[in-house]
Amino acid sequence: MPFSTSQSLQELYLDCRSELEAVLFARLRCRETAADLSQEAFVRLCRSGDLSQVAI
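A brief report on the enclosed structure follows. (Residues numbered from 1 in each chain as written. Predicted model: local features only at pLDDT ≥ 70, side-chain atom pairs only at ≥ 80, totals over all residues. Heavy atoms only, no water.)

Here we look at the overall build of the protein chain
Along its length, the protein chain carries two helices and zero strands. Classification of the 56 residues of the protein chain by burial places 20% in the buried group. Taking contacts inside the protein chain between residues at least 6 apart in sequence as the whole, the part at least 24 apart equals 50%. (Helix = DSSP H or I, 4+ residues; strand = E, 2+ residues; numbered from the N terminus. Buried < 20%, exposed > 50% of the residue type's maximum accessible area, 1.4 Å probe, protein only. Contact = heavy atoms within 4.5 Å.)

Observations concerning the pattern of salt bridges
Considering all chains together, one arrives at two salt bridges under this definition. For glutamate 21, the salt bridge is made with arginine 17, and the minimal N-O distance between the two is 3.8 Å. With a gap of four residues between them, glutamate 21 and arginine 17 both fall in helix 1 (residues 3-28), about one helical turn apart. Judged by its relative accessible area of 33%, arginine 17 falls in the partly exposed class. (Salt bridge = Lys/Arg side-chain N within 4 Å of Asp/Glu carboxyl O.)

Side note on the environment of valine 43
Locating valine 43 in the fold gives a position in helix 2 (residues 31-48). By relative accessible area, valine 43 is classed as partly exposed at 27%. In sequence terms valine 43 and tyrosine 13 are 30 residues apart; their C-alpha atoms lie 9.9 Å from each other.

The structure is reproduced here in C-alpha cells:
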C-alpha cells in the first residue's frame, strides 16, 4: 500500500473511529463489541487497499 493511501486510511480512522463506535454502541449496547467491529471494518478496508469509494 503506498504511503499516501496508508496515511489517508490513518486519517480516516482517526477522524471517524469515535463516531462509528458511538453508532455501533447505540445499536449493540456493548462498548467492547463496538470497538472490535469498528477496528475490523478499518482492517478490512486496509487489506482491500481500495479507497476509491471512500470520501475523506
